[in-house]
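Coordinates in review
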Amino acid sequence: MEFIHAPKACASVGPYSHCVKAGSTYYLCGQVPFHPVTGEVVGNGMKEQAVQTLANMKAVLEAAGLAVTDIAKTTVFVTNMDDFAAFNEVYAAFMGEHRPARVCVEVSNIAHGCLLEMDAICFKE
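In this text, all values refer to a predicted model and were calculated from it rather than measured experimentally.

The rules we used
- Residues numbered from 1 in each chain as written.
- Predicted model: local features only at pLDDT ≥ 70, side-chain atom pairs only at ≥ 80, totals over all residues.
- Heavy atoms only, no water.
- Phe/Tyr/Trp six-rings, centres within 6.5 Å; stacked < 30°, edge-to-face > 60°.
- Helix = DSSP H or I, 4+ residues; strand = E, 2+ residues; numbered from the N terminus.
- Buried < 20%, exposed > 50% of the residue type's maximum accessible area, 1.4 Å probe, protein only.
- Lys NZ or Arg CZ within 6 Å of the ring centre and 35° of its normal.
- Salt bridge = Lys/Arg side-chain N within 4 Å of Asp/Glu carboxyl O.
- Axes fitted to C-alpha atoms, helices over the stretch in contact; angles between N-to-C directions.
- Left-handed = near helix turned anticlockwise from the far one by under 90°.
- Contact = heavy atoms within 4.5 Å.
- Nonpolar A, V, L, I, M, F, W, Y, C, P; charged D, E, K, R; others polar.
- Polar contact = N/O pair within 3.5 Å; in protein donor to acceptor, adjacent residues only side chain to side chain.

Take the packing of aromatic side chains next. Evaluation of the coordinates by the stated rule reveals one aromatic pair. Aromatic side chains Phe87 and Tyr91 sit 5.4 Å apart centroid to centroid with 40 degrees between the ring planes, which places their arrangement in the tilted category. Taken together, the residues Phe87 and Tyr91, both in helix α2 (residues 84-95) and four residues apart, mark about one turn of the helix. Taking the relative accessible area as the measure of exposure, Phe87 reaches 0% and is therefore buried. Residue placement shows Arg102 over the ring face of Tyr91; its charged tip is 4.5 Å from the ring centre.

Here's what the structure looks like:
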């Protein structure tokens, strides 16, 4: 296994890696809308937080030598399914024509009051 650190993403706040490569599969840790320099939550609304979360995801992808098109599956946790349409709009723009498998579930709480968290599994030979 290879443990990948993404210097342009927000720092890990626990004992885990930004990404773990196991063979041709990459497991990206959950990303939240933390500003990569200040560590503060960016925005109060779903769209702003989704944009920052996906920017953090992109930073991890790039550190691992991956592109959005290498994403096979995402898991998205939101604190309110009423925000699903706003999230989906930002997510669709980020993914472009790429359509990985996805799970999206409502949860009661995400660290630091964030509205969402998203992880990904990628594949690249």
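In total, this model carries one salt bridge according to the counting rule given. Where Glu89 meets Lys47, a salt bridge forms, and the shortest distance between an N and an O atom there is 3.1 Å. Of this pair, Glu89 sits in helix α2 while Lys47 sits in helix α1 (residues 46-63); the two residues are 42 residues apart in sequence, bridging distant segments of the chain. Overall, the relative accessible area of 38% leaves Lys47 in the partly exposed class.

All right, on to the packing of α1 against α2 then. Where α1 contacts α2, the two axes come as close as 9 Å, and the packing angle between them is 35 degrees. When the axes of α1 and α2 are compared, the crossing they make is right-handed. Between α1 and α2, the residues in contact are Met46, Lys47, Ala50, Val51, Leu54 and Lys58 and Ala86, Phe87, Glu89, Val90, Tyr91 and Phe94, respectively. Of the residues contributing to the contact of α1 with α2, the split by class is nine nonpolar, no polar and three charged.

Turning to its location among the elements, Gln49 is positioned in helix α1. Within polar-contact distance, the side chain of Gln49 engages the backbone oxygen of Gly43 at 3.0 Å. Side-chain polar atoms of Gln49 contact the backbone nitrogen of Leu115, separated by 2.7 Å. Apart from the residues within four sequence positions on either side, Gln49 is in contact with Pro33, Val41, Val42, Gly43, Asn44, Cys114, Leu115 and Leu116.

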